[in-house]
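Inside the fold
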Amino acid sequence: MMAIDCKALSADFSTRRSGTTAVLKSVQLRVMTGETFGLIGPSGCGKSTLLRILAGLHTRWRGEVSIFGQTLQPDNYPRNALLSTVQMVFQDPYASLHPRHSVGRALLEPLKVNNIPEPARRLRQALDDVGLPPSIEQRYPHQMSGGQRQRVAIARALLLRPSLLLLDEPTSALDVSVQAEILNLLNQLKARYNMTMLLVSHDAGVIAHMCDRAAVMQDGAMAQLLLREQLAIYGGT
Amino acid sequence: MAEHPLLHVQQLEVRRRDNREAPLVGPFSFDIGSGATGLVGESGSGKSLTARALLNLLPPNLQAHSRQMRFGDRELSTLNNREWQAVRGAEIALVMQDPRHALNPRLTVGEQIDEALRLHVRMRTTQRLDRVLQVMDEVGLPQSRQLLKHYPHQLSGGMGQRVMLAIALVNRPRLLIADEPTSALDTGLRNQVLDLMMQLADTHGMGLLLISHNLPLVARYCKQVLVMYRGQCVDRCAGNALDQATSPYTQALWNCRPSGHTFGHPLPVFDPESIEANAS
Ligand SMILES: Nc1ncnc2c1ncn2[C@@H]1O[C@H](COP(=O)(O)OP(=O)(O)OP(=O)(O)O)[C@@H](O)[C@H]1O
Ligand SMILES: Nc1ncnc2c1ncn2[C@@H]1O[C@H](COP(=O)(O)OP(=O)(O)OP(=O)(O)O)[C@@H](O)[C@H]1O
Ligand SMILES: [Mg+2]
Ligand SMILES: [Mg+2]
């Protein structure tokens, strides 16, 4: 089955002062189940917008989009079918964490809402998976370093064992050794739970290390598809 | 290092007010001269807290202490709040990590850059607008006249980062502290932004403290590199000597970078015991 299938996907933003601007222009994208697919492209070309549409967070679009065979409508995201299936890690970790909720609360809530047994144990496991000590539970977002915040955001996305992970620059705030641990973890979990990943990164090394295929976006459209042989030499060393 | 560094810091420590025991950072001594100094290291090792301590901008539950913090011929550790306001943003500027969080969601891009300028200089409105547009062009923000009117939530991640940089550079500071200023930028823009900072460093003698996780970048641009691990400075070396570092932590940082060759294999990770064995 296809994990993601987009045909002629277009999106725009309108602002009072500068009118309507097209951000995605008839995008085609097919990602296979179990694949790690990379998205590359200059700043502002629409990568985050595409991910937000797939997560049901941006609703002004036209075209055909389906995830694991479920059809998305701009004004009707199949939440019941996809809620725990699709998880997103945001470019800015503050965006996924409530400023007044402690880490413990932020991570327990989705477990409780979904009636997951033994939430406390699952919480500790999730923190351990991303290399954070249990004591971080009491912290608030502003009391952590940038990398710690990002790891909490990743732990939260992994908590419900999603089938599709949308990763927007997941490791750009991390040092290379923590990055290595997180990338290893993502690959392990992917193998164990047969996850599909859509990964946005400006780091050629990260894309070349992680992805089976990747697309280069340019000004709101897909400009080039890179296969594994091309990715192996992508970004030089 | 020149005989008169721009910033001379002795025994800087950052502690929690409610826990006087172990410091979160330090004791940490270093000099920043002209040109770029890199600050790299483990996530959570104290790089951002060090940067904030240099500007007296720590969160309320933390406290900094240092034996000396000399900037030019000024001693910073004894400044009062009003004196700090004159220094901060004008002579020493900071680009914070997490740009969108640091921007005010209710003010437009133009208003925020202009505010930074107005706080420190007296200029006519039209002159200020010219200066704002100029600095936006310098940091590579496209269509600056339109972008002036945008609010932070309407920007992509990389644009937010460049707005932060424009705010920091608008007053031509003598020292720029940049905390991950290019992590959300593509390679082309990243080089453009760094080249701009280096050019300002050269022509205006600006000092630059560059906090980054990108080691090849730091190796390329920085004269001197400080490496932090768990609140301590565990290594210092020349930027172009990073690949031959002898400290186990610096070595590990250099070696665990992903690439096309590591596809399908787990990346090497750092074993904390190697550094503890080395230290004792
Ligand atoms: N809420 C919004 N209102 C108006 N324009 C917006 C809004 N959000 C994004 N845009 C614009 O849409 C374009 C694409 O933004 P997007 O965040 O998808 O880019 P990106 O490819 O993720 O870039 P980056 O690599 O810098 O994060 C940008 O030009 C941006 O200014
Ligand atoms: N307000 C605070 N109260 C208590 N601890 C804090 C606070 N802010 C930061 N810390 C802790 O201090 C340590 C250093 O944080 P800092 O933000 O300086 O790390 P960093 O080196 O910048 O990391 P990163 O690369 O992830 O941004 C971390 O362990 C962090 O959790
Ligand atoms: Mg983005
Ligand atoms: Mg930091």
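Residues numbered from 1 in each chain as written. Chains lettered and ligands numbered in written order. Predicted model: local features only at pLDDT ≥ 70, side-chain atom pairs only at ≥ 80, totals over all residues.

**Thoughts on the domain arrangement of chain A**
Often the size quoted for an interface is simply the accessible area lost on bringing the parts together. All names here are of chain A. Considered domain by domain, chain A is made up of domain 1 (2-85 + 162-232) and domain 2 (98-160). Between the C-alpha centres of domain 1 and domain 2 there is a distance of 24 Å. Listed by partner, the interface residues are 12 residues for domain 1 and 11 residues for domain 2. Among the elements that take part in the side of domain 1 that touches domain 2, helix H6 (residues 176-193) stands out by supplying 5 residues, more than any other. Tallied by class, residues from the side of domain 1 that touches domain 2 come to 9 nonpolar, 1 polar and 2 charged. (Domains from an automatic or database assignment. Contact = placed C-beta atoms within 7 Å. Helix = DSSP H or I, 4+ residues; strand = E, 2+ residues; numbered from the N terminus. Nonpolar A, V, L, I, M, F, W, Y, C, P; charged D, E, K, R; others polar.)

**Things to note about the site of ligand 1**
What surrounds ligand 1 is a group of 20 residues, the closest being A:Ser43, A:Ser48, B:Ser156, B:Gly157 and B:Gly158. Each of chains A and B places residues next to ligand 1. For the shell around ligand 1, the secondary structure elements donating two or more residues are strand E1 (2-15) and helix H1 (47-54) of chain A together with helix H7 (157-169) of chain B. Of the residues in the shell around ligand 1, the class split is 6 nonpolar, 13 polar and 1 charged. (Near = placed C-beta within 6 Å.)

**Let's talk about the packing of helix H4 (residues 109-118) of chain B against helix H5 (residues 125-138) of chain B**
All names here are of chain B. Orientation of H4 relative to H5, taken along the N-to-C sense of each, is 115°, at an axis distance of 10 Å. H5 is crossed by H4, and the crossing has right-handed handedness. Within the contact between the two elements, H4 uses Gly 110, Ile 113, Asp 114, Leu 117 and Arg 118 and H5 uses Arg 128, Arg 131, Val 132 and Val 135. Across the contact of H4 with H5, the residue classes break down as 4 nonpolar, 1 polar and 4 charged. (Axes fitted to C-alpha atoms, helices over the stretch in contact; angles between N-to-C directions. Left-handed = near helix turned anticlockwise from the far one by under 90°.)

**Points about the sheet that holds strand E11 (residues 232-238) of chain B**
All names here are of chain B. Strand order in the open sheet made by the 6 strands is E7-E8-E9-E3-E10-E11, with mixed pairing throughout. Both edges of this open sheet fall to strand E7 (92-95) and E11, since each of them pairs with a single strand only. Looking at each pair of strands side by side, their axes are set apart by 15° on average, direction ignored. Across the face of the sheet, helix H1 (residues 47-54) comes into contact with strand E3 (35-41), E7, strand E8 (175-179), strand E9 (207-211) and strand E10 (224-229) while running at roughly 150° to E8. Packed onto the sheet, H7 meets E7 and E8 and runs at close to 175° relative to E7. (Pairing = 2+ DSSP bridges.)

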